[in-house]
Structures are given as C-alpha cells and as structure tokens.
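Tertiary structure, described
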Amino acid sequence: MIKITADSTCDLSPALIDQLNISLMPLHVLIDDEDFRDGIDITPIEIFKYVGEQNKTCTTAAVNTFEYENFFEEQSSKYDAVIHICLGSDFSSSYQNAKLASENFNNVYVVDSSNLSTGSGHIVYDAAILAKDGIEPEEICKQLEAEIPKVDASFVIDKMDYLRKGGRCSSVEALGATLLKIKPSIEVVDGKMHVGKKYRGNFERCLENYVKDRLENNDNIDYSRLFITHSYCAPETVAKVKEAVARFSNFEEIIETTAGCTVSSHCGPNTLGILYKRKN
C-alpha cells in the first residue's frame, strides 16, 4: 500500500487525480497579501479577475514545513509508504520544506521533480503507475529519478502582462513584446526556467509553429504520453494545437489539462504548452 502525493502545481486534472488515487498539497496564492490555497480557496479564473480586471498584485508562496508535517502524518498513518513529488526545487522552497518534514517519518519519501506544471505531472503519473504495480518505494524513487531528466516542458505565453506585474520582466520588455506581437516560449532546462524561441504574430499561428518546432523531425521523443496544458485557452485554439500535434507526431495518449493557480498567476491567460518525455 503505497500512497502517491504531490504539490498542487502538478496540474493533473481532477479526473486523473481521482483515477490514480493521488492526494495534493496546495501551494499558497497571495492576492494583495490575502492568503489563498491553490485550487481550494481560489481558481485561475478568479486570479485573472483579480489581476486582469482589478489590477491587484498576485504572488505565490511555498508550503511550509509544519503544513507538510501535518500532511505526511495523516497520509503515512494509512499507508506502508508515502512518495511525495514536489515542484522543482529551483522554483520554490517547497521541496526543501517537504524534505525537512519527511525526516520525522520513516516511511515518507520526497522527490524533487525539477519541473513545474505537467512536467511534474508526468513524474506523478509514472509514480502512480509504479505504485499500482506493487514496486517497492525505494525502487519507485530510483526509477523516477531516472525519468526526471527526460521530461520536456515548455509553454508559449500570449501576453507578458502577468510576467511584468510579477516582476519577471520589465515594462519596456512587455511593451516591446506587445508592439512587435512577440509570444515568447518558456522552457525548463536542467530544472531552471529559460526563455526559448520568440514567436511572432497571431497566437494560434505561433502555437502551430511552436508545436512544429518541438515535434517535427525529432527522433528522441517517447510517444507514450503528451500533455497539452493551458490556462483556459479557447476550445478552438486547443483543437488547432491537437491537430498540429497529430500532424507532426503520433502519441499513444494525449491528455488535455488546465494550468493551476501557480502557472496561471505567473503567466496569465492564454498560455499553452505541450509536455512530453524524451527517450533519453
């Protein structure tokens, strides 16, 4: 009996969370210093209202050690082992706090996903499958550590307003991107976030070119599973991305999920990424 838990930032859908019997630990979202729990007290749609319409300040905060201790105490008493997958340690202190909390339990294992959103979600999904197969917890952690570097996570951002408001780019950069219709791609490389290729023009056309760049003539793709994760893009936009994915690849499973509060608060609406694993 092994329980898989994860930070709420893994962005798996409620249906998958239920199907895989995963329990989530919510990160904190601060709106003008008022504290909300990700996915429990606040939704991305509400964040867009607060920030986009009311011009409020939105930041995120890690789960503290005390919260993790309470969470692990509840879960570890019911299962032989608990394996918790954290948001990447370079994005948040959640991993360090969870690791510290786990030292009080002899059956809690904490894994640094080195990623965010469904980049972490891939690792959570893999963990749940391995747990269901009855693999020993130490072996599960070992296999997850081998898979983490293979995750290919990236997004394209329509507008840089939220990055500007969060202090992650300057007003000049945001204005320049708007005037030039630049849609930057954000990539996770070695556990850190970098600006990748900058696309120009209509958002849907940019997404099509982005999908082509990631998937076409790429012989290092593990075609078992791909996530299309977005912050409430229009259904027509997502449909066109799915068509583009089908044109350039042949994944066994394509899962659409919506980004949670953490990605949404930093990147804003109309952010979309395709996240898959490489063969090596």
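The present account deals with the structure reproduced in this document. Please read all numbers here as calculations on a predicted model, not as lab measurements.

1. Some details on helix α2 (residues 44-53)
- Within the sequence span of α2, burial applies to Pro44, Ile47, Phe48 and Val51. Projection of α2 onto a plane perpendicular to its axis shows the buried side chains occupying an angular sector of 100°, all on one side.

2. Structural notes on the packing of aromatic side chains
- For the coordinates displayed, the defined rule picks out seven aromatic pairs.
- For the ring pair Phe251 and Tyr276, a centre distance of 6.1 Å and an interplane angle of 50° mean the geometry is tilted. Here Tyr276 lies in strand β14 (residues 271-278) and Phe251 lies in the loop between α10 (235-248) and β13 (254-258), a separation of 25 residues in the sequence.
- For Tyr276, a relative accessible area of 1% translates into the label buried.

3. A closer look at the environment of Gln75
- Mapped onto the elements of the fold, Gln75 is located in helix α3 (residues 65-76).
- When sequence neighbours within four positions are dropped, the list of residues in contact with Gln75 reads Lys3, Thr5, Ser23 and Val82.

4. Focus on the side chain of Thr237
- Positionally, Thr237 belongs in helix α10.
- A relative accessible area of 8% places Thr237 in the buried class.
- Those residues within four positions of Thr237 in sequence are excluded, and the remaining contacts are Phe203, Glu204 and Leu207.

5. Some remarks on empty space enclosed by the protein
- Applying the stated rule across the entire model yields two cavities of 30 Å³ or more.
- Empty space within the second largest cavity amounts to approximately 40 Å³.
- For the second largest cavity, the full set of lining residues is Glu204, Leu207, Glu208, Thr237, Lys240, Val241 and Ala244.
- It is α10 that contributes the most residues to the lining of the second largest cavity, four residues altogether.
- The class makeup of the residues in the lining of the second largest cavity is three nonpolar, one polar and three charged.

6. Examining the sheet that holds strand β2 (residues 22-25)
- Taken together, the four strands give an open sheet; going across it, the order is β2-β1-β6-β7, and neighbouring strands pair in parallel fashion. Each of the sheet's edge strands pairs with one partner strand only, and the pair in question is β2 and β7 (108-112). Neighbour to neighbour, the strand axes of the sheet diverge by 25° on average, direction disregarded.
- As judged from the four bridges shared by strand β1 (residues 2-7) and β2, these two strands associate in the parallel manner. Bridge pairing in β2 places Ile4 opposite Ile22.
- Running at roughly 165° to β7, helix α4 (residues 94-102) makes contact with β1, β6 (81-86) and β7 of the sheet.

Rules behind the numbers
Residues numbered from 1 in each chain as written. Predicted model: local features only at pLDDT ≥ 70, side-chain atom pairs only at ≥ 80, totals over all residues. Heavy atoms only, no water. Buried < 20%, exposed > 50% of the residue type's maximum accessible area, 1.4 Å probe, protein only. Helix = DSSP H or I, 4+ residues; strand = E, 2+ residues; numbered from the N terminus. Arc of directions from axis to C-beta. Phe/Tyr/Trp six-rings, centres within 6.5 Å; stacked < 30°, edge-to-face > 60°. Contact = heavy atoms within 4.5 Å. 1 Å grid on protein atoms, 1.4 Å probe; cavity = no way out; pocket = protein on both sides within 12 Å on 5 of 7 lines; lining within 4 Å. Points joined across faces, edges and corners; volume = space filled by probe spheres on them. Nonpolar A, V, L, I, M, F, W, Y, C, P; charged D, E, K, R; others polar. Pairing = 2+ DSSP bridges. Axes fitted to C-alpha atoms, helices over the stretch in contact; angles between N-to-C directions.

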